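Next come the chains, spelled out residue by residue.
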Amino acid sequence: MSKRKTKIKVKGLNQERALNNLVKKIKIYNLKRENHDESEFEVDHINKRELKKLISSVGLEVVSITYQGAFKKIKRIITSYGLIVALLFCSIIYAFQYNFVLKISIFGLKTLNKSEIISFVDKNLPSRMKSKIDTQSLERMIKNHYENISSVSVAIVGQSLVVNVNEGILSDEEVLQEAIVSEYDGLITDINLIQGTLAVDVGDVVKKGDLLVYPYIIDSQGNKRTIKPQAEIYADVWIKANETHYDYFIKKERTGKIFQKREVCLNNLVIYSTHGEIPFNDYEMEKTSIFISKNNILPLKKINYCYYEVITKEYVEKFEDVREIIIEKAREKALIFLQKNEIIKEEKYTIREAGGIQQIEYVITVSRDIGG
């Protein structure tokens, strides 16, 4: 009996007949019936390949194959060495890639764009290999490219290129440009400062263009540090609109009579024109022109002149007769400037009269964030 055995577990129906057919063609050992449709037995390892074909031909299914004896030990050793080789290969790959920078990290930014600086650093790297990166040269390039950076340091930490920057102090002109200013006239009712230095307090009346928040802070050591200002500043904003009424006024109106004249021009040269004098003493004229040479290289243009007869009329309209209409017109003008979902806190109007002329000023008060 061979010392190298292979244990095979099979599955299928009518196993007695199938196994009897197997025994006629190949020698089996230690046959065990686990249940009515599963059996286990051993064969000489040398007959393993032939046995697989025979099992399939008699209608059985191989469930498992287990190697016995020295061959099993050899297979285990080969598998173990395969794992060792895989680990060794991975270690070599890791040691190789550790020589490269995989990430660029930026710290210390306040107003500059982080992704923009990362892109600039990446483009100016001669290589991702650590040994080829000159950190001092990279520091000089960053500082020269960005005027607002007062100092910068670059270091390689692990597989990251770490860039620390300090932004410079803004000039007075830049401070005013970066500060938050009011876009409206109003009375400040509430302030929630997120960052920056306030230029106003609750209860202050501000006008459009007034400074609200400076783009800097004073730290604990008394130094001024630039920072992007952010705040929620609510104010009662006054939205104003005006409407004017005249007790007496003159207005020109069209009578409905029209006189038309047509011309055909080549560039500015009139080559055809209808004749006739304008029959009106007073009129309004409207002019339209179209090109009529779509498939012609000559720039021919047709011009229509429409003359509308107008007459001058005098109107006398007492303010008291149209008072509510004029006030509503002023209100509608003010409502145009409301923002979406804005709630009106107060509405009022004033009327100033002089020499038969009434000036209506309509004022709507709303609560609005003016610090955005």
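Every value quoted in this text rests on a predicted model; they were computed, and no experiment measured them.

1. Regarding the sheet that holds strand β15 (residues 230-246)
- Spatially, β11-β9-β15-β21-β20 is the arrangement adopted by the five strands of the open sheet, whose pairing is antiparallel. The open sheet has two edge strands, β11 (205-206) and β20 (344-354), and neither has a second partner.
- The pairing of strand β9 (residues 186-195) with β15 spans eight bridges and is classified as antiparallel. Looking at β15, one finds that leucine 187 is bridged to aspartate 236.
- Here helix α7 (residues 319-335) sits on the sheet in contact with β15, β20 and β21 (357-369), set at roughly 150° to β15.

2. Comments concerning a negative patch on the surface
- Taken together, the side chains of Glu317, Glu320, Asp321 and Glu353 define an acidic patch exposed on the protein surface.
- When you line up the elements, glutamate 353 lands in strand β20.

3. Some details on a nonpolar patch on the surface
- Together, Tyr248, Ile250 and Val316 make up a nonpolar patch on the protein surface, roughly 340 Å² of accessible area in all.
- Following the sequence through the fold, tyrosine 248 ends up in strand β16 (residues 248-266).

4. Here's the deal with α7
- In this model, α7 (17 residues) spans 23 Å end to end at C-alpha, consistent with the 24 Å of a helix rising 1.5 Å per residue.
- The axis of α7 is deflected most strongly, by about 30°, at isoleucine 325.
- Tucked inside the fold, the buried residues of α7 contact β15, β20 and β21.

5. Describing the pairing of strand β19 (residues 300-316)
- Two strands pair when backbone bridges link them, and β16 and β19 are joined in this way by 16 bridges, in the antiparallel orientation. Pairing of arginine 254 across the sheet is with valine 310, part of β19.

6. Topic: the packing of aromatic side chains
- On inspection of all chains with the given rule, the structure shows six aromatic pairs.
- When the ring of phenylalanine 249 is compared with that of tyrosine 315, the centres are 5.2 Å apart and the planes differ by 15°; the resulting orientation is stacked. Residue phenylalanine 249 is found in strand β16, and its partner tyrosine 315 is found in strand β19; the two are separated by 66 residues along the sequence.
- What makes tyrosine 315 partly exposed here is its relative accessible area of 28%.
- An angle of 40° between the planes, with centres 6.0 Å apart, marks the rings of phenylalanine 259 and tyrosine 307 as tilted.

Definitions and cut-offs
Residues numbered from 1 in each chain as written. Predicted model: local features only at pLDDT ≥ 70, side-chain atom pairs only at ≥ 80, totals over all residues. Heavy atoms only, no water. Pairing = 2+ DSSP bridges. Helix = DSSP H or I, 4+ residues; strand = E, 2+ residues; numbered from the N terminus. Contact = heavy atoms within 4.5 Å. Axes fitted to C-alpha atoms, helices over the stretch in contact; angles between N-to-C directions. Patch = residues over 30% accessible without salt bridge, like charges linked within 9 Å, V, L, I, M, F, W, Y side chains within 5 Å. Areas by Shrake-Rupley, 256 points an atom, 1.4 Å probe, with all protein chains shown as cover. Salt bridge = Lys/Arg side-chain N within 4 Å of Asp/Glu carboxyl O. Lys, Arg positive; Asp, Glu negative; His and termini not counted. Charge placed at Lys NZ, Arg CZ, Asp CG, Glu CD. Expected span 1.5 Å × (residues − 1). Bend = angle between axes of the 7 residues up to and from the residue. Phe/Tyr/Trp six-rings, centres within 6.5 Å; stacked < 30°, edge-to-face > 60°. Buried < 20%, exposed > 50% of the residue type's maximum accessible area, 1.4 Å probe, protein only.

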